[in-house]
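Chains, contacts and geometry: an overview
Here is what each chain is made of, one letter per residue.
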Amino acid sequence: MFSPEIEKADRKTIREMQLERLKHIVAYAYERVPMYKERFDAIGLRPEHIKTLKDIEHIPYTTKDDLRDNYPFKLFAVPMKQIIRLHASSGTTGKPVVCGYTRKDLDNWSTCIARILTMAGATDEDIFHVAFGYGLFTGGFGLHYGIEKLGATVVPVSSGNTERQIMLLKDFGATALIATPSYAMYLAETAKKMGVLQDLKLRLVCMGAEASTAEMHRSLQEIFGAFPTENYGLTEVGGPGVSGECREKAGMHINEDMFYPEIANIEAGKTLPEGERGELLITTLTKEGMPVLRYRTKDITSLTYEPCKCGRTTARMARVVGRTDDMLIIRGVNVFPSQIESVLMAMPELGKTYEIIVDRVNYMDTIEVRVEVGDTGLLTDYSKLEELVARIKHKLRVVVQLDVKVKLVEPFSIRRAEGKVKRVTDLRKK
Ligand code: DLL
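This structure is a prediction, so every number in the text was calculated from the model and none was measured.

Here five strands make up an open sheet; going across it, the order is β11-β10-β12-β13-β16 and the pairing antiparallel. The strands lining the two open edges of the sheet, one partner per strand, are β11 (270-271) and β16 (322-323). Docked against the sheet, helix α2 (residues 11-32) engages β10 (259-265) and β12 (278-284), running at close to 85 degrees with respect to β10.

Nonpolar side chains in soluble globular proteins generally cluster together in the buried interior. L177, F224, I340, I356, I392 and L408 are the most contacted members of the largest nonpolar core, which has 51 residues in total. For this core, the element with the highest residue contribution is helix α8 (residues 181-193), accounting for seven residues. Membership of the second largest hydrophobic core comes to 46 residues, among which are I50, I83, V242 and L285.

Moving on, we come to the pattern of salt bridges. What the rule picks out here adds up to 33 salt bridges. Taking the shortest distance from any N to any O, the salt bridge between R11 and E256 comes out at 2.7 Å. With R11 in helix α2 and E256 in the loop between β9 (252-254) and β10, the pair connects residues that are 245 residues apart, well separated along the chain. With its nearest N and O atoms 3.3 Å apart, the salt bridge here joins K405 to E368. Linking K405 in strand β21 (residues 405-409) with E368 in strand β20 (residues 364-373), this pair joins segments that are 37 residues apart in sequence.

At their nearest, the axes of α2 and helix α3 (residues 34-42) sit 5 Å apart, and the two run at 105 degrees to each other. When the axes of α2 and α3 are compared, the pair comes out roughly perpendicular. Counting all contacts with α2, which are made through V26, A29, Y30 and R32, the residues of α3 involved are P34, Y36, K37, F40 and D41. Looking at the contact of α2 with α3 residue by residue, the class counts come to six nonpolar, no polar and three charged.

Once that is clear, we can look at the pairing of strand β2 (residues 98-101). Here β2 shows two buried faces, one formed by V98 and G100 and the other by C99 and Y101. The sheet contact formed by strand β1 (residues 85-88) and β2 spans four bridges and is antiparallel. By the bridge assignment, H87 is partnered in β2 with C99.

It is worth spelling out the environment of M364 at this point. Relative to the helices and strands, M364 is located in strand β20. Of the residues examined, M364 reaches a relative accessible area of 45% and is grouped as partly exposed. Note: C-alpha distance between M364 and A77 (287 residues apart in sequence) is 49 Å.

Another point: helix α9 (residues 214-224). Within α9 the residues assigned to the buried category are E215, M216, H217, S219, L220 and F224. The positive-phi residue at the C-terminal boundary of α9 is G225, with phi of around 65 degrees.

Okay, the site of the ligand next. Inspection of the region around the ligand gives 20 residues, with E230, N231, T235, D299 and K420 positioned closest. Separating an oxygen atom of the ligand from a side-chain N or O atom of T235 is a distance of 2.5 Å. For the ligand, an oxygen atom lies 2.8 Å from a polar atom in the side chain of K420. Alone, the ligand offers 610 Å² of accessible surface; in the complex the protein occludes 94% of this. Listing elements by their share of the shell around the ligand, those giving two or more residues are α6 (138-150) and β7 (227-234). Top element by residues in the shell around the ligand is β7. It accounts for five residues. The residue makeup of the shell around the ligand, split by class, is eight nonpolar, six polar and six charged.

Moving on, we get to the packing of aromatic side chains. For any pair of aromatic rings, geometry is given as the distance between the ring centres together with the angle between the planes. Applying the stated rule across the entire model yields seven aromatic pairs. On the numbers, 6.5 Å between centres and 15 degrees between planes, the contact of F141 with Y145 is stacked. Placement of both F141 and Y145 in helix α6 is noted, with a separation of four residues, approximately one turn of the helix. We classify F141 as partly exposed; its relative accessible area is 27%. The partly exposed category is assigned to Y145, whose relative accessible area is 36%. Ring geometry for Y183 and Y186: centres 5.8 Å apart, planes at 75 degrees, overall edge-to-face. Placement of the pair is Y183 and Y186 together in helix α8, with a separation of three residues, close to one helical turn. Within the aromatic cluster, the residues linked to one another by ring pairs are Y134, F141 and Y145.

Moving on, we get to the domain arrangement of the chain. Per the domain assignment, the segments of the chain are domain 1 (1-324) and domain 2 (328-429). Relative to domain 2, the C-alpha centre of domain 1 lies at a distance of 30 Å. Taken together, the contact pairs 23 residues of domain 1 with 16 residues of domain 2. For the pairing of domain 1 and domain 2, the buried interface totals around 1700 Å² over both sides, and the portion due to carbon and sulfur atoms is 61%. By the criterion of area lost to domain 2, the three top residues of domain 1 are E189, T213 and E215, representing 25% of everything that side buries. In this assembly, domain 1 and domain 2 are joined by one salt bridge. For E189, the salt bridge identified is with R416, shortest N-O distance 3.0 Å. In this structure, the connection of domain 1 to domain 2 is made through seven residue pairs in polar contact (both at pLDDT 80 or more). For the side of domain 1 that touches domain 2, the element with the highest residue contribution is α8, accounting for six residues. The residue makeup of the side of domain 1 that touches domain 2, split by class, is eight nonpolar, ten polar and five charged.

Conventions we followed
- Residues numbered from 1 in each chain as written.
- Predicted model: local features only at pLDDT ≥ 70, side-chain atom pairs only at ≥ 80, totals over all residues.
- Heavy atoms only, no water.
- Pairing = 2+ DSSP bridges.
- Helix = DSSP H or I, 4+ residues; strand = E, 2+ residues; numbered from the N terminus.
- Contact = heavy atoms within 4.5 Å.
- Axes fitted to C-alpha atoms, helices over the stretch in contact; angles between N-to-C directions.
- Core = buried A, V, L, I, M, F, W, Y, C linked by side-chain atoms within 4.5 Å.
- Buried < 20%, exposed > 50% of the residue type's maximum accessible area, 1.4 Å probe, protein only.
- Salt bridge = Lys/Arg side-chain N within 4 Å of Asp/Glu carboxyl O.
- Parallel < 35°, antiparallel > 145°, perpendicular 65-115°, else oblique.
- Nonpolar A, V, L, I, M, F, W, Y, C, P; charged D, E, K, R; others polar.
- Near = heavy atom within 4 Å.
- Polar contact = N/O pair within 3.5 Å; in protein donor to acceptor, adjacent residues only side chain to side chain.
- Areas by Shrake-Rupley, 256 points an atom, 1.4 Å probe, with all protein chains shown as cover.
- Phe/Tyr/Trp six-rings, centres within 6.5 Å; stacked < 30°, edge-to-face > 60°.
- Domains from an automatic or database assignment.
- Buried area = accessible area lost by both parts, 1.4 Å probe.

The following block contains the structure:
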């Protein structure tokens, strides 16, 4: 463990530390960030009203719109002189979301990353190939400094130029790959195509920044022969490092000394108990540059406080099933792309790349899944093809309870993403 004093502290110690830090950060945000002062004053809430952890429920949520309305720097709690780094989300619509870091914030950030890499099984002897984009995106730089803090070797490749990445993975003898799950899969396919898979020394694949499924992890484990783990975070609260999986792969351990998680049913305005699924809210407990209270992540997950078999006692969040804004409503049925992925990835005849197209024809929603076959030969054998399509449709019907149109396409015919993948095209929005 990188920080055993936190990672295996008893729950009482963790909660006491969280309460102390919560009281501090609430007063800090109230005094320094005009938006929080206005919000609190409007409902007659004062920092001293926060006496227990449960009192956090009196604090209004913070949303992405709040961050956009205060673009770029109005939520910063320190003078610009103390901000030594800026990052921003890659948001495709509207203004990006900005995050500012003090020196202390950067130090805490790398501690969080060093912890999650250690729990994934990394040591200072590993060579990390970082295929996350370096730039305003928090992935590249975020992981980079955490790896340095761990004392391992970092190869800051960034994203793109996939064949060259394979050459470097091989020549530098990387033992750990950092990438989005979709890009890790693209690298795996490319290494296979180039015939060098057996020359790679990877023993760890650490993924994050987009949703993945257990089936996707299993496929990557099979192809690379490396242990797949996942980690989670978002720009608004500083980037990656909020939580990560240990070797038990039984949820992602939250860095609870830095982040206070809650699960909420937003419509009901209620915080949900342990185990129930809802939207994750995060309060930053230590951020100096830009503290955020009860941020609505839009990510759907659940929490458990059961101690983990790995010996850690920190809360764990379940794999994110999807974002509230990614959930498709097709003919009144709620569908998460991850449900479709879990079906496709478990079928050995299929490749690992797919896309989902949603449309509306004659006032009726339609959903089509285009998925690559694993082997081109299949496409010329009509009876096998028909049988396979029928089988996929059946499995999808069981999981999503809808008739899904299925189209099998040639290997490598769907465009690969080098950063975050976009699997869904919703033509109804046009
Ligand atoms: O993606 C931060 C990050 C970088 C996390 C590298 C992990 C590794 P944003 O670009 O602001 O920040 O996007 C944040 O990505 O709200 C989730 O919807 C999604 N996301 C991040 N990690 C996961 C994950 C980074 N492990 C948004 N599983 C979040 C599912 C994830 N979704």
